[in-house]
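Working through the structure, step by step
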Amino acid sequence: MKISLTGPAIRNIDRVVGYGEASYNIIKTFEKFGLNVGIEEPRADIELCFADPGNYIFYDHSSYKIGYSAWESTEMSQQFKQNVNYCDELWGTSYWITDIYKKLFPNKKIFTYQHGISSSWKPKLRKSRNKPFTFFHIGEPFSRKDGQMVVDAFTQLFGNDPNYRLVLKCHRMNTTKIKHPKGYYLSPSAMYDNILEITGLLNEEQMISLYDQTDVFIYPSWGEGFGFQPLQALAMGMPVISVDEWADYKNFITWPVESKWKLSPWQDKHPGYMVEPNIESLKKRMIDAVENYEEVLPQTFKNALIIHEEYDWIEVTKPAVARLHEIYEDIVLQKKYFNLSELKNKSW
């Protein structure tokens, strides 16, 4: 069984983004299972393209084609749907996403291959809070992760109080802003001494250190294909404030943020509906974190140990490997046998 992995994230692995981190671990885990895996091979029995549907690419017209995508909303553009229909099978990164896929593509074979957590994100029993008490958000400049709501909630609750701090880890740039009394807008750190913006690229070791040095992870995202960052925080025993509607691991989220379905404000990128976080609920959860931080730490540590068992890359990949063998034995080999039989029976 020859498997070819395709897609931009597979071709150029960048582990500072979700697709890159997942691509790296998918390849390594497939290899641990002894699968014969290549990258963009011109001839393969099964091609697995890990990308948004707009970036699906396959190289062998006779292969069994799997589109494997994270998604964040309830609809897709017509072009994306056409690309999905070209696939023999569609895989999703969470059960929340594959439920959406089943509604969008009722006649398509749908399968869930969840992402996992690597052992680098070690569980840690936290015993006390930092001074200042520090909230941590990752997501800028991606609008759906609502860094602006995080900034608004933090400044409304704590202002410039030096006992509280907000750290914003951004991917190269930060689009959140604060309105100056004179009417113009500034970046949050220009107005508030207790807000820190980090826009530089950090490796995994540096990111783990950043999680370690902060108290609560905060993530009011409108939709996630999986949601690596909250899971990484939880896997380290860190309390998490997050929308839980899209999270397969919702039972582990420390303080869920209320949300409601709403037509997406970003119809070009995320058509259909998404889940809108409620800022008042977010603020209440932030106060809960301040008031009850030490009380939840023993449970978040226990949850971290369970997460490493349930979301270990080997464990989450077992069903995917079983599905690939099933495809090969039930579909690919049967097709090869049929083609061989047809060739033998052909009169020359």
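Structure first, text after, so check above.
Our subject in this report is the structure included herewith. What you are looking at is a predicted structure, and each value in this text was computed from that prediction instead of being measured. (Residues numbered from 1 in each chain as written. Predicted model: local features only at pLDDT ≥ 70, side-chain atom pairs only at ≥ 80, totals over all residues. Heavy atoms only, no water.)

Let's talk about the overall build of the protein
Looking only at helices and strands, the protein features ten helices and 16 strands. Over its C-alpha trace the protein gives a radius of gyration of 22 Å, about what one expects of a compact globule, namely 20 Å for 348 residues. With the C-alpha coordinates aligned to their principal axes, the bounding extent of the protein is approximately 85 × 40 × 30 Å. Out of the 348 residues belonging to the protein, those deemed buried represent 53%. Taking the contacts inside the protein whose residues are at least 6 apart along the sequence as the reference set, 67% of them involve residues at least 24 apart. Accessible surface, the protein: about 16,400 Å² in total, of which carbon and sulfur atoms supply 49%. Computed over 40 positive and 44 negative side-chain charges, the inter-centroid distance for the protein is 2 Å. (Helix = DSSP H or I, 4+ residues; strand = E, 2+ residues; numbered from the N terminus. Rg over C-alpha atoms; globule rule 2.2 N^0.38 Å. Buried < 20%, exposed > 50% of the residue type's maximum accessible area, 1.4 Å probe, protein only. Contact = heavy atoms within 4.5 Å. Areas by Shrake-Rupley, 256 points an atom, 1.4 Å probe, with all protein chains shown as cover. Lys, Arg positive; Asp, Glu negative; His and termini not counted. Charge placed at Lys NZ, Arg CZ, Asp CG, Glu CD.)

Considerations on the packing of helix H8 (residues 228–235) against helix H9 (residues 279–310)
Two packed helices can be described by the angle between their axes and the distance between those axes. Two numbers describe how H8 lies on H9: the axes approach to 7 Å, and their chain directions differ by 115°. Facing Leu 231, Leu 234 and Ala 235 of H8, the residues of H9 in contact are Thr 300, Ala 304, Ile 307 and His 308. (Axes fitted to C-alpha atoms, helices over the stretch in contact; angles between N-to-C directions.)

Structural notes on the pairing of strand S4 (residues 64–69)
Among the six residues of S4, six are classified as buried, and the element is accordingly described as predominantly covered. When strand S3 (residues 46–50) meets S4, the two strands line up parallel, connected through five bridges. Bridge pairing links Phe 50 to Tyr 68 in S4. Relative to strand S5 (residues 89–92), S4 is paired through four bridges, and the arrangement is parallel. Paired with Gly 67 across the strands is Leu 90, a residue of S5. For the crossover from S4 across helix H3 (residues 78–85) to S5, the handedness is right-handed. (Pairing = 2+ DSSP bridges. Right-handed = clockwise from strand over helix to strand, strands pointing away.)

Some thoughts on the sheet that holds S4
Taking strand neighbours across the sheet as the criterion, the six strands line up as S2-S1-S3-S4-S5-S6 in an open arrangement whose pairing is parallel. The open sheet is flanked by strand S2 (36–39) and strand S6 (109–112), the only strands paired with a single partner. Across this sheet, the average inter-strand angle for adjacent strands is 25°, counted without regard to direction. Pairing of strand S1 (residues 2–6) with S2, which is carried by four bridges, proceeds in the parallel orientation. For Leu 5, the partnering residue across the bridge sits in S2 and is Ile 39. Across the sheet, helix H2 (residues 18–32) lies against S1, S2, S3 and S4, angled at about 155° from S3, the strand it touches most. Contacts from helix H4 (residues 95–104) reach S4, S5 and S6, with the element oriented near 170° to S6.

A word on the sheet that holds strand S8 (residues 164–169)
In space, the six strands of this open sheet follow the order S11-S8-S7-S12-S13-S14, with parallel pairing throughout. In this open sheet, the two edge strands, each paired with only one partner strand, are strand S11 (195–198) and strand S14 (255–257). Averaged over all pairs of adjacent strands, the angle between their axes in this sheet comes to 20°, without regard to strand direction. Sheet topology places strand S13 (residues 240–243) next to S14; three bridges connect them, and they run parallel. When the sheet's bridge partners are listed, Ile 241 is paired in S14 with Trp 255. In this fold H8 packs onto strand S7 (133–138), strand S12 (216–219) and S13, with an angle of close to 160° to the strand it touches most, S12.

Here's the deal with the nonpolar core
Formed by 98 residues in total, the largest nonpolar core has its most connected members in Phe 30, Phe 135, Tyr 211, Ile 241 and Tyr 249. Residues within four places of Tyr 211 in sequence aside, it is in contact with Trp 121, Arg 126, Phe 136, Ile 138, Phe 217, Gln 229, Gln 232, Ala 233, Met 236 and Met 238. (Core = buried A, V, L, I, M, F, W, Y, C linked by side-chain atoms within 4.5 Å.)

So, to be careful, I would describe these as geometric facts and stop short of saying anything about function.
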